[in-house]
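Residue-level listing of the chains:
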Amino acid sequence: MEESKTPLLDQLESGPWPSFVKEMKRAAKKSPMAKDALGQLELSYTEKRVHWKHGGIVGVRGYGGGVIGRYSDAPEQFPEVRDFHTMRVNQPSGWFYNTASLRTLCDIWEKYGSGLTNFHGSTGDVILLGTVTPNLQPAFDALSEAGFDLGGSGSALRTPSACVGPARCEYACIDTLDICNDFTQTFQNELHRPMWPYKFKIKVSGCPNDCVASIARSDMPIIGTWRDTLRIDQAEVKHYANSDLNIRGAVVAKCPTKALSYDATKMELSVQPEECIRCMHCINMMPKAIRPGVEKGATILIGGKAPIVKGAYLSWVLIPFIKMEPPYQELKDLLAKMWDWWDENGKTRERIGELIDRLGMGAFLKAVELKPVSQMVFRPRSNPYYFWSPDEIN
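Just so it is clear, the structure is predicted and the values come from calculations on it, not from any experiment. (Residues numbered from 1 in each chain as written. Predicted model: local features only at pLDDT ≥ 70, side-chain atom pairs only at ≥ 80, totals over all residues. Heavy atoms only, no water.)

(A) Just the overall build of the chain, in detail. The helix and strand tally for the chain stands at 14 helices and 15 strands. Principal-axis analysis of the C-alpha atoms gives the chain an extent of 75 × 55 × 40 Å. Taking all 394 residues of the chain together, the buried fraction comes to 47%. Within the chain, contacts between residues at least 6 apart in sequence are counted, and of these 64% link residues at least 24 apart. Here the chain displays about 20100 Å² of accessible surface, and carbon together with sulfur accounts for 52% of that area. (Helix = DSSP H or I, 4+ residues; strand = E, 2+ residues; numbered from the N terminus. Buried < 20%, exposed > 50% of the residue type's maximum accessible area, 1.4 Å probe, protein only. Contact = heavy atoms within 4.5 Å. Areas by Shrake-Rupley, 256 points an atom, 1.4 Å probe, with all protein chains shown as cover.)

Here it is, written out as structure tokens:
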């Protein structure tokens, strides 16, 4: 029996989960580039170091982003991946495709690249993995003709992304798909032409379940919410109680602010609206009995990011409630102020959340002309991070 050429990668096929190694091997049967990518990955596992290097900026005409230049540091051993550039393709809102679109994407990439794809990158884009420099422009032209555009990369607005929202989810409080598409179309210049200290991400979640993890992964999360109170159907509460759901233990006791109370005798649930922080736990546990309120909008946050230069940041509340209705001009105007302040004060590779941390939330709020609100801090009197000037105190 012939000895395997990729013994370490073979181990990754042995688990109960889908394996990217299996797919790379399938691609390698008809793509020399995929075959060499597989071989170089095995070498990286063997030597415990990465064999990719960034060797300069590559791109397509008129765009400053959308392409990530990548080269092998072992081109003699793996000549097919001497160039192995990645193209990011702007995904449709909510990641809705038809099969014709998917086939078109794959046909283009098999013609101009390695055939390897990633659906999707952490930003949201379709990731087309591996092509040579001369093929970048022809691939982009083919994508454009098919109705696709490149996404963001570098120190630019990254491709906005959104959950499926009202298309598939009954909890959606805002039209995530329209917001994502509108912001993508509005900020084409910011998306395709890097001009900032570092990257900026916008992610849109339809409800506080935050299925795109916007609060942890984006500089400006837009999270659907409601301003009034939960709607409770007491008849359905009784059905849950009669079906042996432990309402007091599984729902009421786990409310983080103790906003819920349950009368076991009457089998009725009640809520103190002023205490509810819209965490969605009760709705998730009793979806037939509890619904979001009717006065819907979004909470706007600022500053989330993964750990790169500094540690991971969760976003801070910026605007507790805002109506999200087209053309969303109020939020777009706020974004322009944020970007001006960040561009003026930010250091190279400093995210906006890191800048706020360095200069203070007070300086940021003054620059973007927003007043501090109590939702920004857990205990305002014990948090030295926020300061109110004498002229701001009534």
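(B) A look at the nonpolar core. Counting 39 residues, the largest nonpolar core has Phe200, Ile222, Met338 and Phe364 as its most contacted members. Only α6 (176-186), β8 (202-205), β9 (220-226), β14 (296-302), β15 (316-322), α12 (329-345), α13 (352-359) and α14 (361-367) provide two or more residues apiece to this core. Here this core gets seven residues from one element, more than from any other, and that element is α12. Among all residues touching Ile222, those that are not within four sequence positions of it are Ile174, Ile179, Ile202, Lys203, Val204, Ser205, Ala298, Thr299, Ile300, Met324 and Leu331. The next biggest cluster of nonpolar side chains, apart from the first, holds 25 residues, and it includes Val237, Ile247, Met286 and Ala289. (Core = buried A, V, L, I, M, F, W, Y, C linked by side-chain atoms within 4.5 Å.)

(C) Main features of the layout of surface pockets. When its volume is computed, the largest pocket comes out at roughly 1000 Å³. In terms of lining residues, the largest pocket is bounded by 27 residues, among which Cys276, Ile277, Val317, Pro320 and Gln375 are the most central. Secondary structure elements with two or more residues in the lining of the largest pocket: β9, β14 and β15. Here the lining of the largest pocket is composed, by residue class, of 16 nonpolar, seven polar and four charged. One number sums up the size of the second largest pocket: a volume of about 810 Å³. Lining the second largest pocket are 28 residues, with Met24, Gly115, Leu116, Thr117 and Leu129 positioned closest to its centre. (1 Å grid on protein atoms, 1.4 Å probe; cavity = no way out; pocket = protein on both sides within 12 Å on 5 of 7 lines; lining within 4 Å. Points joined across faces, edges and corners; volume = space filled by probe spheres on them. Nonpolar A, V, L, I, M, F, W, Y, C, P; charged D, E, K, R; others polar.)

(D) Up close: empty space enclosed by the protein. Taken as a whole and assessed by the stated rule, the structure comprises one cavity of 30 Å³ or more. Put simply, the largest cavity is a space of about 110 Å³. Together, 16 residues line the largest cavity, and Leu230, Cys255, Cys276, Cys279 and Cys282 are the ones closest to its centre. The leading source of residues in the lining of the largest cavity is helix α11 (residues 281-285), at three residues.

(E) Geometry of the environment of Ala27. Here Ala27 shows up in helix α2 (residues 20-28). Along the primary structure Ala27 and Gly94 are separated by 67 residues, whereas in three dimensions their C-alpha atoms are 27 Å apart. Beyond its immediate chain neighbours, meaning those up to four positions away, Ala27 contacts Ala34 and Leu116.

(F) How the structure looks around unusual backbone geometry. Geometrically, the link from Phe119 to His120 is a cis peptide bond, its omega value of 5° lying close to zero. Its place among the elements puts His120 in the loop between β5 (116-119) and β6 (126-129). In the segment running from Pro326 into Pro327, the intervening peptide bond is cis, with an omega of 5°. Unusually for a residue other than glycine, Asp210 sits at a positive phi of about 50°. Structurally, the position occupied by Asp210 is in the loop between β8 and α8 (214-217).

(G) Structural context of the pairing of strand β4 (residues 86-89). With burial as the criterion, each face of β4 is covered, one bearing Thr86 and Arg88 and the other bearing Met87 and Val89. Two strands pair when backbone bridges link them, and strand β2 (residues 67-68) and β4 are joined in this way by two bridges, in the antiparallel orientation. By the bridge assignment for β4, Val67 is matched with Met87. Bridge count for β4 against β6 is four bridges, and the pairing is antiparallel. Its bridge partner lying in β6, Val89 is registered against Val126. (Pairing = 2+ DSSP bridges.)

(H) Structural detail: the pairing of strand β12 (residues 268-271). Residue alternation in β12 divides its side chains into a buried set, Leu269 and Val271, and an unburied set, Glu268 and Ser270. Counted along the chain from strand β11 (residues 260-263) to the antiparallel partner β12, the turn is four residues long, and its residue Met267 has a positive phi close to 55°.

(I) A look at the sheet that holds β14. Across the sheet, which stays open at both edges, the five strands sit in the order β7-β8-β9-β14-β15 with mixed pairing between neighbours. This sheet does not close on itself; its edge strands, each paired only once, are β7 (161-162) and β15. Docked against the sheet, α6 engages β7, β8 and β9, running at close to 165° with respect to β8. (Axes fitted to C-alpha atoms, helices over the stretch in contact; angles between N-to-C directions.)

Fair warning: the whole summary comes from geometry, so function is off the table for now.
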